[in-house]
Amino acid sequence: MIERRRAVLPASSSLPDGPSPILLLAKDLESPKAAREFAREFIAYHVPGASEDHIDAVVLVVCELVTNSVRYGTEPGDSLRVTLSVDDTRTRVEVRDPVRRRPRLRPASAQRDRGRGLIILDALRPGSWGVDDAPFGKTVRAEVKGS
């Protein structure tokens, strides 16, 4: 299940045109693919001059965070929320899920075929990601420097 929503803004604000900054996804193996498509569409519209490297980095971050959330941050029937925001210097990615357990960076291993998502985030830009507690869960956030 994929649901797109617009962010709730104060009455004095107006919503920007274009793709919504929020995507709701179910715990589903297809969710990372939907999140990648959402990120590409959002960046293409809201940052029309973005380099392919920037777009690829944002898509990779979104995919890794959603994959981690689907695997470790949700139970059957749960959903997760992806929120994107951009400004002149960066793209911020947030993925919120209902599980309070925090992701942890594991050492690289040739024996495991997964568990590299946070290593990838650190490689893109050390210190550019973190975790915040949220009511009924957590939000994992990452920033990709603008290009």
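How each quantity is defined
Residues numbered from 1 in each chain as written. Predicted model: local features only at pLDDT ≥ 70, side-chain atom pairs only at ≥ 80, totals over all residues. Heavy atoms only, no water. Helix = DSSP H or I, 4+ residues; strand = E, 2+ residues; numbered from the N terminus. Buried < 20%, exposed > 50% of the residue type's maximum accessible area, 1.4 Å probe, protein only. Areas by Shrake-Rupley, 256 points an atom, 1.4 Å probe, with all protein chains shown as cover. Axes fitted to C-alpha atoms, helices over the stretch in contact; angles between N-to-C directions. Parallel < 35°, antiparallel > 145°, perpendicular 65-115°, else oblique. Left-handed = near helix turned anticlockwise from the far one by under 90°. Contact = heavy atoms within 4.5 Å. Nonpolar A, V, L, I, M, F, W, Y, C, P; charged D, E, K, R; others polar. Phe/Tyr/Trp six-rings, centres within 6.5 Å; stacked < 30°, edge-to-face > 60°. Pairing = 2+ DSSP bridges. Expected span 1.5 Å × (residues − 1).

> With reference to specific residues and values, describe the overall build of the chain.
Assigned secondary structure in the chain consists of three helices and six strands. Counting helices and strands in the order they occur from the N terminus, the chain gives β-β-α-α-β-β-α-β-β. Looking at the chain residue by residue over its 147 residues, the buried ones come to 39%. Carbon and sulfur atoms make up 52% of the accessible area of the chain, which amounts to about 8600 Å² in all.

> Can you explain the packing of helix α1 (residues 31–46) against helix α2 (residues 52–72)? Please cite residues and give values.
Here α1 crosses α2 at 150°, and the two axes come no closer than 8 Å. What the angle tells us is that α1 and α2 run roughly antiparallel. Crossing angle aside, the handedness with which α1 passes α2 is right-handed. Across the interface between the two elements, Ser-31, Pro-32, Ala-35, Arg-36, Ala-39, Arg-40 and Ile-43 of α1 pack against Glu-52, His-54, Ile-55, Asp-56, Val-58, Val-59, Val-62, Cys-63, Val-66, Thr-67 and Val-70 of α2. Among the residues forming the contact of α1 with α2, the class breakdown is eleven nonpolar, three polar and four charged.

> Explain the packing of aromatic side chains to me, using residue names and the numbers behind them.
With the rule as written, the count across this model stands at one aromatic pair. An angle of 40° between the planes, with centres 6.3 Å apart, marks the rings of Phe-38 and Phe-42 as tilted. Of the two residues, Phe-38 and Phe-42 are both situated in helix α1; the distance of four residues between them amounts to about one turn of the helix. Its relative accessible area of 0% is what places Phe-38 among the buried residues.

> Quick one: what's the story with the environment of Glu-64, residue by residue and with numbers?
With respect to the helices and strands, the residue Glu-64 is situated in helix α2. Taking the C-alpha atoms as reference points, Glu-64 and Ala-35, separated by 29 residues in sequence, lie 9.9 Å from one another.

> Account for the pairing of strand β3 (residues 79–86), with residues named and values stated.
Every other side chain in a regular strand lies on the same face of the sheet, so the side chains alternate between the two faces. Pairing of strand β2 (residues 22–26) with β3 involves five bridges; the strand directions are antiparallel. For Leu-25, the partnering residue across the bridge sits in β3 and is Leu-80. As consecutive antiparallel partners, β3 and strand β4 (residues 90–97) are separated by three residues.

> Help me get a handle on unusual backbone geometry, residues and values and all.
The backbone of Phe-136 sits at a positive phi, close to 60°, despite the residue not being glycine. Tracing the backbone through its elements, the reader meets Phe-136 in the loop between β5 (129–134) and β6 (137–145).

> Please provide a residue-by-residue account of α2, values included.
Taking 1.5 Å per residue as the helical rise, α2 with its 21 residues ought to reach 30 Å, and the 30 Å between its terminal C-alpha atoms agrees with that figure. α2 sits mainly inside the fold: 15 of its 21 residues count as buried.

> If you had to explain the environment of Arg-90 to someone new, which residues and values would you point to?
When you line up the elements, Arg-90 lands in strand β4. A sequence separation of 32 residues divides Arg-90 from Val-58, and the C-alpha atoms of the two residues are 9.9 Å apart. In this structure, Arg-90 is in contact with Ser-85, Glu-143, Val-144, Lys-145 and Gly-146, ignoring residues within four places of it in sequence.

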